[in-house]
Amino acid sequence: MSESMKGLRRDYRAAEVKKAAIGDRVTVMGWVQKSRNKGGIIFTDLRDRSGILQIIFEEKNCGAEVLEKAARLRSEFVIAVTGTVAKRAGAVNDKLVTGDIELIAEQLRILSESETPPFPVEDDIKTKEEIRLKYRFLDLRRPEIQKNLILRSKVTTSVREFLAEEGFIEIETPILCKSTPEGARDYLVPSRVHPGNFYALPQSPQLFKQLLMVSGYDRYFQIAKCFRDEDLRADRQPEFTQIDMELSFVDIDDVIDVNERLIHKMFKDALGIEVPLPIERMTWQYAMEHYGSDKPDLRFGVEIKDITEAVKGSEFVVFKGAIDAGGSVRGINAEGLGTLPRKKIDALQDFVKGYGAKGLAWLAINEDGSYKSSFAKFMTEDELKAIVETMEGKPGDLLLFIADAKTSFVLTTLGALRLEVAEMMGIIDKDAFRFVWITEFPLLEWSEDENRFVAMHHPFTMPMEEDWEYIDSDPGRVRAKAYDIVLNGVELGGGSVRIHQNDIQEKMFEVIGLTRESAEDKFGFLLTAFKYGVPPHAGLAYGLDRLIMLMCKADSIRDTMAFPKIKDASDLLTDAPNVVDPVQLEELGISITENEE
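First things first, this report covers the structure right here in the doc. The structure presented is a predicted model; accordingly, all values stated were derived computationally and were not measured. (Residues numbered from 1 in each chain as written. Predicted model: local features only at pLDDT ≥ 70, side-chain atom pairs only at ≥ 80, totals over all residues. Heavy atoms only, no water.)

Some thoughts on the environment of Val478
Argument step 1. The topology assignment puts Val478 in the loop between strand S19 (452-455) and strand S20 (482-487).
Argument step 2. According to the relative accessible area criterion, Val478 is buried, its value standing at 0%.
Argument step 3. Taking the C-alpha atoms as reference points, Val478 and Lys6, separated by 472 residues in sequence, lie 71 Å from one another.
Argument step 4. Discounting residues that sit within four places of it in the chain, Val478 has contacts with Pro442, Leu443, Leu444, Pro463, Asp467, Tyr470 and Ile471. (Helix = DSSP H or I, 4+ residues; strand = E, 2+ residues; numbered from the N terminus. Buried < 20%, exposed > 50% of the residue type's maximum accessible area, 1.4 Å probe, protein only. Contact = heavy atoms within 4.5 Å.)

What to know about the sheet that holds strand S10 (residues 239-248)
Consider a sheet: its strands pair through backbone hydrogen bonds, and that pairing is either parallel or antiparallel.
Argument step 1. Spatially, the eight strands line up as an open sheet ordered S6-S9-S10-S22-S21-S20-S17-S11, and their pairing is mixed. Two strands in the sheet have a free side with no partner beyond their single neighbour: strand S6 (169-170) and strand S11 (281-283).
Argument step 2. The strands touched by helix H5 (residues 206-214) are strand S9 (219-227), S10 and strand S22 (537-543); relative to S10, the strand with the most contacts, the crossing angle is about 25°.
Argument step 3. Sheet contacts for helix H7 (residues 284-291): S11 and strand S17 (435-439); angle to S11, the most-contacted strand, approximately 85°. (Pairing = 2+ DSSP bridges. Axes fitted to C-alpha atoms, helices over the stretch in contact; angles between N-to-C directions.)

Notes on helix H11 (residues 407-425)
Argument step 1. Given a rise of 1.5 Å per residue, 19 residues ought to cover 27 Å, and the 26 Å separating the end C-alpha atoms of H11 matches this to within 8%.
Argument step 2. Looking at H11, one finds that the buried residues are Phe409, Val410, Leu411, Thr413, Leu414, Gly415, Ala416, Leu417, Arg418, Val421, Ala422 and Met425. (Expected span 1.5 Å × (residues − 1).)

Section: the packing of helix H4 (residues 143-165) against helix H6 (residues 252-271)
Argument step 1. Running from N to C, H4 and H6 cross one another at 140°; their axes reach a closest spacing of 9 Å. One finds that H4 runs oblique with respect to H6. Two packed elements cross with a definite hand, and for H4 against H6 that hand is right-handed. Packed against H4, whose contacting residues are Leu151, Lys154, Val155, Ser158, Val159, Glu161, Phe162 and Leu163, the element H6 presents Val258, Arg261, Leu262, Lys265, Met266, Asp269, Ala270 and Leu271 at the interface.
Argument step 2. Taken together, the residues of the contact of H4 with H6 sort by class into 10 nonpolar, one polar and five charged. (Parallel < 35°, antiparallel > 145°, perpendicular 65-115°, else oblique. Left-handed = near helix turned anticlockwise from the far one by under 90°. Nonpolar A, V, L, I, M, F, W, Y, C, P; charged D, E, K, R; others polar.)

Observations regarding the layout of surface pockets
To find leftover empty space, a probe the size of one water molecule is rolled over the atoms.
Argument step 1. Its boundaries defined by the atoms lining it, the second largest pocket holds a volume of some 600 Å³.
Argument step 2. When contributions to the lining of the second largest pocket are tallied by element, the ones reaching two or more residues are strand S2 (41-48), strand S3 (51-58), H4 and H6.
Argument step 3. If you tally residues by element for the lining of the second largest pocket, the top one is H4, at eight residues.
Argument step 4. Of the residues belonging to the lining of the second largest pocket, the class tally is 12 nonpolar, five polar and 10 charged. (1 Å grid on protein atoms, 1.4 Å probe; cavity = no way out; pocket = protein on both sides within 12 Å on 5 of 7 lines; lining within 4 Å. Points joined across faces, edges and corners; volume = space filled by probe spheres on them.)

What about empty space enclosed by the protein?
Argument step 1. For the structure shown, the criterion picks out one cavity of 30 Å³ or more.
Argument step 2. For the lining of the largest cavity, a count of residues per class yields five nonpolar, two polar and one charged.

Observations concerning the pairing of strand S14 (residues 361-365)
Every other side chain in a regular strand lies on the same face of the sheet, so the side chains alternate between the two faces.
Argument step 1. When you tally the buried positions in S14, you get five out of five residues, the bulk of the element.
Argument step 2. Across the two faces of S14 the burial is the same, with Ala361, Leu363 and Ile365 and Trp362 and Ala364 all buried.
Argument step 3. Here S14 pairs with strand S15 (residues 371-373) via three bridges, running antiparallel. The partner of Ala364 across the bridge, within S15, is Lys372.
Argument step 4. The hairpin formed by S14 and S15 contains five residues between the paired strands, and Gly369 there has a positive phi angle of roughly 90°.

Some details on helix H13 (residues 516-529)
Argument step 1. Here H13 is 14 residues long, yet its end C-alpha atoms lie only 16 Å apart, well below the 20 Å a rise of 1.5 Å per residue gives.
Argument step 2. Of all the bends in H13, the largest measures some 95° and sits at Phe523.
Argument step 3. Every buried residue belonging to H13 is among Ala519, Lys522, Phe523, Gly524, Leu526, Leu527 and Ala529, and all of these are buried.
Argument step 4. On the buried face of H13, the contacting elements are H5 and helix H12 (502-511). (Bend = angle between axes of the 7 residues up to and from the residue.)

With respect to the packing of aromatic side chains
Argument step 1. Across all of its chains, the model carries 16 aromatic pairs by this definition.
Argument step 2. Considering the side-chain rings of Phe460 and Phe509, the 6.2 Å spacing of their centres and the 85° angle between planes classify their relative orientation as edge-to-face. With Phe460 in the loop between S19 and S20 and Phe509 in helix H12, the pair connects residues that are 49 residues apart, well separated along the chain.
Argument step 3. Phe460 sits in the buried class, given a relative accessible area of 3%.
Argument step 4. Each member of the aromatic cluster is reached from another via a ring pair, and the members are Phe316, Phe319, Phe375, Phe378 and Phe401.
Argument step 5. Between Arg477 and the ring centre of Tyr470, over which it is positioned, the NZ or CZ distance is 3.7 Å. (Phe/Tyr/Trp six-rings, centres within 6.5 Å; stacked < 30°, edge-to-face > 60°. Lys NZ or Arg CZ within 6 Å of the ring centre and 35° of its normal.)

Details of the sheet that holds S3
Argument step 1. In space, the five strands of this closed barrel follow the order S1-S2-S3-S5-S4, with mixed pairing throughout. On average, each strand axis in the sheet is tilted by 55° relative to the strand beside it, whichever way the strands run.
Argument step 2. Here strand S1 (residues 25-37) pairs with strand S4 (residues 78-87) via seven bridges, running antiparallel. Bridge pairing links Met29 to Ala80 in S4.

Here it is in structure tokens:
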């Protein structure tokens, strides 16, 4: 039977009891991790969010009645124990912060009993994630998950402190908004008082934060909840959190400066790590040509090299066909993998075919300098030598090549292969944090599906002034004043300088095929505000969930959120989404049509 806390007060969390408290009489409370009855003496591990403290129940100290009660203790019982802190009598447990002390129990109250949990509340369990998420309230007790959420709290506290000191004002923007579908699908909320009309949940506070700049608030930030109705993956959820900011009277360097100092503070406060400043900057074009990605992982080398010139006269049909079609031949050097078995090379072939490549050409350099290759018989000795020199190949290396009429395809495929090969080579430093700014993105990208240019970021991104002259003649050439912050090959956040001139904004809408009427319908409130004096402004937003995932080296953002969804966007804990009372649907004027399977 559960007992009350009347007259009790907790003195310490479990792992906050230190050697300095030896001899003190204290009260601790928490969950039973495990309890072992050794006949006349009971060892109980008490757990709370701070860690574990060993409790000793022995009749000479606590009496027969308390000892009998302690014998009933099972995992996840909630207890309060009063006793004296003592130096541990047995061997010191180096795995615990409290491994050199124990609590000699005098009093015990069982505050709450527990059924046998469906899985042990401890780290490194093999329980399926679906079970853990169904019983998330138990999973959240595990030290690993608690550590992640505590780190998340430290990061957001650090962000608030820093931005407040930098003159930012925290302002909340609406959750019920107008639907302005650009990119991902909106989550829609029906209105009862406006039948047939819907709100949308915000994909970001973008338009509102720009309005705040028009309204003179100068520097805004928000830890913002956002929503996107899109397919899930390890680093994506239907609802997520952004560290969102906007600044007035600034340009790119100002935004990057304040955010580098913010990153430095976050990592120092939360992890005790000094991030070297300034952070490296790399143009989008350079990142794509050398790493095949606009979010390159710089924890290792293995850069992409262009061998098109070296093989231009080759009769090897794969290379020749790609070059004649206006494409290119490029490759990576998998250093030290020259003796890779043919079976594993075939596996790499299958890997690139999964990205749509027709095949993978390869050349292994033997220790004596001779070659073993999938295409050497079609090449002259001089051509092979030119390839090896361009690739900076040496004995023991494996050179891997992709050829295609579309250079962009060659680069992105090699970018994926680069990561696969780095894992195979074991050269990724899992403990490193490598930041890089990616700048000068294309303003526009061609959509094959829509047969038109679309904004690579969003239609309010400022073009680089020196490229604006090409907006009519060669729109794809125009670069944007946009920037992403990347960590270990993951995009942490992105932003841009915004358009604040009406003529540029109208031209931007025209180029992406958005009529004046359509723009007015979607963004009219913003365009109206822009008629009343707009300061030059810029902003950036981080994905907080991804940031925490990388900081705590978790495999999924689900381990950095208290109550995440699974891949089909459902919540196993609460069984959401679910059917609602027909009366509610009637009030909203909604009828459900079931699809016939």
